[in-house]
Amino acid sequence: MLLDAFGFAPGEMVAAVGGGGKTSLLFRLALEAQGRGIPVVVTTTVRFTQPAGLPMPPVVTAEPGELAARAASALSEYGAATLISGRGERGRMLGFAPGAVDLLAGQDRLVLVEADGSAHRPFKAPAAHEPVIPAAATAVVVCVGAAVLGQPLDARWVHRPELAGPLAGLRPGAPVDAEAAARVLLHPAGGRKGVPAGARLCALVNTPGAPTAASIALAERLQAGGYVRVVVATAHAGIVHEVRQGGVVSAPAADYR
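Residues numbered from 1 in each chain as written. Predicted model: local features only at pLDDT ≥ 70, side-chain atom pairs only at ≥ 80, totals over all residues. Heavy atoms only, no water.

Draft legend 1. Seen up close, the overall build of the protein chain. Each helix and strand in the protein chain was counted, giving seven helices and 15 strands. Summarising its shape, the C-alpha atoms of the protein chain cover approximately 50 × 40 × 35 Å along the three principal directions. In the protein chain, which comprises 257 residues, the share counted as buried stands at 53%. Here the contacts in the protein chain between residues at least 6 apart in sequence split such that 71% fall between residues at least 24 apart. Surface summary for the protein chain: the accessible area is close to 10,200 Å², and the carbon and sulfur share equals 55%. Charge centroids of the protein chain, computed over 22 positive and 19 negative side chains, lie 5 Å from each other. (Helix = DSSP H or I, 4+ residues; strand = E, 2+ residues; numbered from the N terminus. Buried < 20%, exposed > 50% of the residue type's maximum accessible area, 1.4 Å probe, protein only. Contact = heavy atoms within 4.5 Å. Areas by Shrake-Rupley, 256 points an atom, 1.4 Å probe, with all protein chains shown as cover. Lys, Arg positive; Asp, Glu negative; His and termini not counted. Charge placed at Lys NZ, Arg CZ, Asp CG, Glu CD.)

In structure tokens form, the structure reads like this:
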């Protein structure tokens, strides 16, 4: 299970940032938490759309000033909630300022926050206003879709390629290999940007199926570069292929499925 792979537990606030897999990761984590009877809140500081094929905890709309009270009421009634401030164009769910989300933290619950956007691209570099991570986050998961590996650095595959290119050391149109992707995700202006002091830095290498040599190579580089836990997984299906932590590599196991 992804909960076990990342080691998330009640009392934590987890922010997902970066490219492909954020929304699938959060709703899969929520589903696993519900299955274990863990109170769980999903919300956003940006906006998100429910991934097809994954259930969503009951949607509760709240004003920022009543967010904490609405969360407590929803958890008491349902045990889980998707908290939003409203709906925007194309039905996308709108979120809250990070200071309001900070108030959701509690020892009795797991709080999951989508804190970045990537325009449905598997890979990105953040703009000046991104990511939008709550200060109360105890862990940040930087997501990257392995589908970008081997693809050209352009807008078809990369959100904000004009920002990612200089961080990766690539010219426009050059193939994005594991080394180049790792340079972006390890850079202070890339994957490390905005991570609160004391928050655990984790990564999801999100694969459409069995991991390739390139996706494993990317995970290796991220672990060597200081990510405390790197999970190679198919997030939408909740399938974990590999977990890297503290120099140790865990192969797929029943505990991770």
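Draft legend 2. Structural context of the pattern of salt bridges. Under the defined criterion, the tally for this structure stands at eleven salt bridges. Between K124 and E130 there is a salt bridge, with its nearest N and O atoms 3.1 Å apart. For the pair K124 and E130, a shared accessibility class is recorded, and that class is buried. R244 is paired through a salt bridge with E220; the nearest N and O atoms lie 3.5 Å apart. In this pair, R244 is assigned in strand 14 (residues 239-245) and E220 in helix 7 (residues 213-224), connecting sequence segments 24 residues apart. (Salt bridge = Lys/Arg side-chain N within 4 Å of Asp/Glu carboxyl O.)

Draft legend 3. Geometry of the packing of aromatic side chains. This structure, assessed with the given rule, holds two aromatic pairs. Judged by centre distance (5.2 Å) and plane angle (5 degrees), the rings of F6 and F8 are stacked. For F6, a relative accessible area of 1% corresponds to the buried category. (Phe/Tyr/Trp six-rings, centres within 6.5 Å; stacked < 30°, edge-to-face > 60°.)

Draft legend 4. Summary view of the sheet that holds strand 13 (residues 229-234). Sheet architecture is open: ten strands sit in the order 4-5-2-8-1-10-12-13-14-15, paired in mixed fashion. At either end of the open sheet lies a strand with only one pairing partner, and these are strand 4 (59-61) and strand 15 (248-250). Strand-to-strand twist in this sheet, taken as the mean axis angle between neighbours without regard to direction, amounts to 20 degrees. Strands in contact with helix 2 (residues 22-35) are strand 1 (13-18), strand 2 (40-44), strand 5 (80-84), strand 8 (110-114), strand 10 (139-145) and strand 12 (200-206); relative to strand 8, the strand with the most contacts, it is inclined by about 165 degrees. (Pairing = 2+ DSSP bridges. Axes fitted to C-alpha atoms, helices over the stretch in contact; angles between N-to-C directions.)

Draft legend 5. Region of interest: the sheet that holds strand 7 (residues 93-94). Taken in spatial order, the three strands line up as 3-7-6 in an open sheet, and their pairing is antiparallel. Across the chains shown, the open sheet's two edge strands, defined by having one partner strand only, are strand 3 (47-48) and strand 6 (86-87). Pairing geometry for strand 3 and strand 7, over two bridges, is antiparallel. Bridge pairing in strand 7 links F48 to M93.

Draft legend 6. Quick peek at unusual backbone geometry. Cis geometry marks the peptide bond from E130 to P131, where omega comes out at -15 degrees. Despite not being glycine, A119 shows a phi value in the positive range, around 50 degrees. Structurally, A119 can be placed in the loop between strand 8 and strand 9 (123-124). The phi dihedral of H120 is positive, around 65 degrees, even though this residue is not glycine. Mapped onto the secondary structure, H120 falls in the loop between strand 8 and strand 9. In this structure H120 comes out as exposed when scored by relative accessible area, which is 71%.

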